[in-house]
Amino acid sequence: MTMTADACVWMYAVTAGDGSVPGDVAGVGGGPVRAVRADGLVAIVGDVAAEEFGAGALRRNLEDLDWLERTARAHHGVIEAAAEAGPVVPMQLATVCTSDAAVAATLRERAADLREALGRAAAGQEWGVKAYQDDEPPVASRDDRPGKEGASGASGSSGPPGPGAAYLLRRRAQLTAQRDARELALASAQAVHDSLTGLALSSRLYPPQSPDLTGRKQRMVLNAAYLVADGRASEFAAAVEDLAGRHPAVRLVLTGPWPPYSFVADSPRDSFVADSQQAAQP
Amino acid sequence: MTSQNSGARRDLAIRGERIALVDLLDRVLAGGVVIAGDVTLSIAEVDLVTVSLRALVTSISALEDSWKAGR
């Protein structure tokens, strides 16, 4: 394979030496996918245009959510196709090398880490569980919002103090109810996480997703990934179902199976994840 | 907003079903192996800088506070 100055090499995943390369899947940028082999490991890679995926362009393009979505889906598509053939160690999005030789050098340099990660990837599948705080209690009805109340109260400055005081009382009760609901949802999320962690080989907490991105008004109170041994997937799914029934304060959403994105890094490099785990696990 | 699953997904996701972008971004941006070396760019250099990535982490402190408060 000859490299031109205009091409970069995008890395999707690393598999064991006997892993096959998915043949019929289009990679990032639409191009084909191929293998770079070194030290008994196979990197699944594809050529991408430097003008779109080189350092400067990549930085700009990552700002573009549509571009990011296309790229992330293509990246994931190749990884998922590769995972059909055997354990894979996914690369973080936008791992770009300048040449096949650089990819091979990286494989050799990180061989021990990558083999260890392949071992973890072979142990099970990743499942995602998110918990949303269930809808606010009915006490927080729309009629209690200060907008309406304020408008009628402001119309008569010399009017009786009754409505204002009543509003404040209602508002206080509403805030108490909201706080209670929040605490109940958090306690439920913690209990769900503890139970599922007990069934999993490993777990990892992600930050809750912003409502702007989920499109849900409900607040997310748990965003976790679990590495579940292959033989226990249905047991895990049944446990999620059971926990959903026992914790009505939260709505649970199960996703997966995923390639083991969350369990291949040799050390936690996201301080927020480490912090969250410390906070979550006494 | 970009495409999202609007309906509740209480049941098992089926392989091949369109994955929610946020779930995917959690994993491809914060998961996976990070390889440095001859890499032209590591996402570690950009995260928290870009608009789209920042949107993903806005509620980090909220989560930390939540978990700690729940202790």
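Our structure is the block above this text.
Residues numbered from 1 in each chain as written. Chains lettered and ligands numbered in written order. Predicted model: local features only at pLDDT ≥ 70, side-chain atom pairs only at ≥ 80, totals over all residues. Heavy atoms only, no water.

Colleague: Explain the overall build of chain A to me, using residue names and the numbers behind them.
Modeller: When helices and strands are counted, chain A shows 10 helices and 9 strands. Residue burial in chain A is summarised as follows: out of 282 residues, 52% are buried. As displayed, chain A has an accessible area near 12500 Å², and 53% of this comes from carbon and sulfur atoms. (Helix = DSSP H or I, 4+ residues; strand = E, 2+ residues; numbered from the N terminus. Buried < 20%, exposed > 50% of the residue type's maximum accessible area, 1.4 Å probe, protein only. Areas by Shrake-Rupley, 256 points an atom, 1.4 Å probe, with all protein chains shown as cover.)

Colleague: Any chance you could break down the packing of aromatic side chains for me, citing the residues and the numbers?
Modeller: All names here are of chain A. What the rule picks out here adds up to 5 aromatic pairs over all chains. Aromatic side chains Trp-10 and Tyr-12 sit 6.5 Å apart centroid to centroid with 50° between the ring planes, which places their arrangement in the tilted category. Considered together, Trp-10 and Tyr-12 belong to a single accessibility category, that of buried residues. Summarising the aromatic geometry, the rings of Tyr-226 and Phe-236 are spaced 5.5 Å apart at their centres and angled 50° between planes, so their arrangement reads as tilted. One end of the pair, Tyr-226, is in strand β8 (residues 220–229); the other, Phe-236, is in helix α9 (residues 233–246), with 10 residues separating them in the sequence. Judged by its relative accessible area of 1%, Phe-236 is buried. Joined through ring pairs, the aromatic side chains of Trp-10, Tyr-12, Phe-53 and Trp-67 make up one cluster. (Phe/Tyr/Trp six-rings, centres within 6.5 Å; stacked < 30°, edge-to-face > 60°.)

Colleague: Residues and numbers for the sheet that holds strand β9 (residues 250–258) of chain A, please.
Modeller: All names here are of chain A. Ordered by their spatial adjacency, 4 strands build an open sheet running β7-β8-β6-β9, and the pairing between neighbours is antiparallel. Strand pairing shows two members of the sheet lacking a second neighbour, β7 (202–205) and β9, which therefore form its edges. Strand-to-strand twist across the sheet, computed as the mean angle between neighbouring axes with direction ignored, equals 20°. Bridging between β7 and β8 involves 4 bridges; their strand directions are antiparallel. Paired with Ser-202 across the two strands is Leu-227, which belongs to β8. Strands in contact with α9 are β6 (124–133), β8 and β9; relative to β9, the strand with the most contacts, it is inclined by about 165°. (Pairing = 2+ DSSP bridges. Axes fitted to C-alpha atoms, helices over the stretch in contact; angles between N-to-C directions. Contact = heavy atoms within 4.5 Å.)

Colleague: Summarise the pairing of strand β1 (residues 7–16) of chain A; cite the residues concerned and give the values.
Modeller: Residue and element names in this part refer to chain A. In terms of residue burial, β1 counts as a mostly covered element, since 9 of its 10 residues are buried. Across 9 bridges, β1 lies against strand β3 (residues 41–49) in antiparallel orientation. Its bridge partner lying in β3, Trp-10 is registered against Gly-46. Of the pairings in the sheet, the one linking β1 to strand β5 (residues 96–97) comprises 2 bridges and is antiparallel in character. Pairing of Val-9 across the sheet is with Cys-97, part of β5.

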